[in-house]
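# Structure at a glance
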Amino acid sequence: MTRRLAQVAKKVGVSEATVSRVLNGKPGVSEATRQSVLTALDVLGYERPTQLRGERARLVGLVLPELQNPIFPAFAEVIGGALAQQGLTPVLCTQTKGGVSEADYVELLLQQQVSGVVFAGGLFAQEDAPHDHYRLLAERRIPVVLINAAIENLDFPCIACDDAVAVEQAWRHLASLGHDRIGLVLGPLDHVPSRRKLAAAHAAAKTSGGELTDERIERSMFSLEGGQAAASRLLDRGVTGIICASDPLALGAVRAARRRGLAVPGDISVVGYDDSAFMNCTEPPLTTVRQPIEAMGRAAVELLCAQIQGGEVPPGELLFEPELVVRGSTAKAPRS
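First, a word on scope: everything that follows refers to the structure included in this document. The model shown is predicted, which means the values in this text are computed figures rather than measured ones.

Our focus in this paragraph is the sheet that holds strand E2 (residues 89-94). What links the strands of a sheet is backbone hydrogen bonding, and the strands pair in either a parallel or an antiparallel sense. Taken together, six strands build an open sheet; the order of strands is E2-E1-E3-E4-E5-E11 and the sheet is parallel. The strands lining the two open edges of the sheet, one partner per strand, are E2 and strand E11 (316-320). Going across the sheet, the axis of each strand differs from the next one's by a mean of 20 degrees, ignoring polarity. Bridge count for strand E5 (residues 157-161) against E11 is five bridges, and the pairing is parallel. Residue pairing in the sheet places Cys 158 in a bridge with Glu 317 of E11. Across the sheet, helix H5 (residues 102-111) is in contact with strand E1 (59-64), E2 and strand E3 (116-120); its angle to E2 comes to roughly 155 degrees.

The next thing to look at is the pairing of strand E6 (residues 182-186). Burial of E6 is extensive: five of the five residues sit out of reach of the surface. Here E6 shows no split at all, with Ile 182, Leu 184 and Leu 186 on one side and Gly 183 and Val 185 on the other all buried. Inspection of the sheet shows E6 paired to strand E8 (residues 241-244) by four bridges, in the parallel sense. By the bridge assignment for E8, Leu 184 is matched with Ile 243. Crossover handedness for the path E6 to helix H8 (residues 192-207) to strand E7 (residues 217-219): right-handed.

Side chains that are nonpolar tend, in soluble globular proteins, to be buried together. Ile 147, Ile 159, Ile 242 and Val 270 are the most contacted members of the largest nonpolar core, which totals 68 residues. At nine residues, the largest contribution of residues to this core is made by helix H11 (residues 293-308). In this view, Ile 159 contacts Val 145, Leu 146, Ile 147, Asn 148, Met 296, Ala 299, Ala 300, Leu 303, Leu 318 and Phe 320; residues no more than four positions away in its chain are not counted. Grouped together as the second largest cluster of nonpolar side chains are 25 residues, Cys 93, Tyr 105, Val 114 and Val 117 included.

Over its 16 residues, H11 extends 22 Å from the first C-alpha to the last, a length consistent with the 22 Å expected when each residue adds 1.5 Å. Taken as a whole, H11 has its buried residues at Ile 293, Met 296, Gly 297, Ala 299, Ala 300, Val 301, Leu 303, Leu 304, Cys 305, Gln 307 and Ile 308. Taken together, the buried residues of H11 touch E1, helix H4 (71-85), E3, strand E4 (144-147), E5 and E11.

Taken as a whole, this structure holds two aromatic pairs when the rule is applied. Summarising the aromatic geometry, the rings of Phe 124 and Tyr 134 are spaced 6.1 Å apart at their centres and angled 85 degrees between planes, so their arrangement reads as edge-to-face. With Phe 124 in the loop between E3 and helix H6 (132-139) and Tyr 134 in helix H6, this residue pair connects regions lying 10 residues apart in the sequence. Judged on exposure class, the residue Phe 124 and its partner Tyr 134 are both buried. Through successive ring pairs, a cluster of aromatic residues spans Phe 119, Phe 124 and Tyr 134.

The rules behind the values
- Every chain is numbered on its own, with residues counted from 1 as its sequence reads.
- Note on the predicted model: pLDDT of at least 70 is required for a residue's local features to be given, and 80 or more for side-chain atom pairs to be given and counted; whole-chain, interface and lining totals, by contrast, use all residues.
- Processing note: side-chain calculations cover all non-hydrogen atoms of the structure and skip hydrogens and water entirely.
- If DSSP finds at least two bridges between two strands, the strands pair.
- Runs of H or I in DSSP of at least four residues are treated as helices and runs of E of at least two as strands, each being numbered from the N terminus.
- Between N-to-C directions, angles span 0 to 180 degrees; the directions come from axes that are lines fitted to C-alpha atoms, helices contributing only their stretch in contact.
- Every residue pair with non-hydrogen atoms within 4.5 Å of one another is taken to be in contact.
- For the exposure calls, accessible area comes from a 1.4 Å probe over protein chains only, and a residue counts as buried if that area is under 20% of its type's maximum, exposed if over 50%, partly exposed in between.
- With strands facing away from the observer, any crossover in which the path from the first strand over the helix to the second runs clockwise is taken as right-handed.
- The set of buried Ala, Val, Leu, Ile, Met, Phe, Trp, Tyr and Cys residues whose side-chain atoms join them within 4.5 Å is what this entry labels a nonpolar core.
- Any helix carries an expected span of 1.5 Å times its number of residues minus one.
- Here a pair means two rings of Phe, Tyr or Trp (six-membered ring of Trp) with centres within 6.5 Å. Their orientation is stacked below 30 degrees between planes, edge-to-face above 60, and tilted elsewhere.

Following this line, the structure appears as structure tokens:
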């Protein structure tokens, strides 16, 4: 600490006492000198004190895995609006295949002296993905909030929709319609929310007096094309109902059924997840499980602002209740 004071003081041409007053937010220093001290900290590669971090622009990184899935623009809209109400400016960081990585964005955000970062989906939900950039944020004591179920030991506050309840609702709905050959389209094996959905599906199948076998479980990347391919494999095995881990996956399942000349919901029932934009405008309108995006986004900003203001926010997960929205893609199981 003493060495840092001396180096900054020498760089600016002021006393160590003046530098100390700036770092501790004490009065008696002109604004010009104060800004010079903060600039010297940046130039010398020192981290600013928490209470001074990002204060000039009050920037907050908002990191999204993609924008093609409508759920992510929806989260961005809610979070961006809530940040603006707090006088904070969101910096949108969207990944593209072969483009800037999540770790690269974190490096850029640190260079911009952001006040905090919100990750709405991302590598924190994948067990086998690289996580060093999250640990870097923790080491720098940057306020962070995660939206979606995360791997263990990251020690950040997390906002998530209850994946288990979502699958229970979807499974009960299909079972009530007479479906006993229900398949799942989930994300990759290391994807934490998909693992939770799978565990819930096994439990729901047992409760219904059946069993979920491996042949009725398919994995996919989160895209319409991935959903179509996965659903095609399930249709080969005779399922009559398909529960998907996202709305784009579900739309892919609807396409797969139609390519085979099957009617949705006459021959195949499909349930999505998220209730993202325009799912009531598809043909047929998609039955799906709604995430409470507004409540989750606002809660994430509240947790972030509490950290920025120096409050203690314990790591852990806040689970939000999903809601089944029944539309036109589900109906009674076809007679065998």
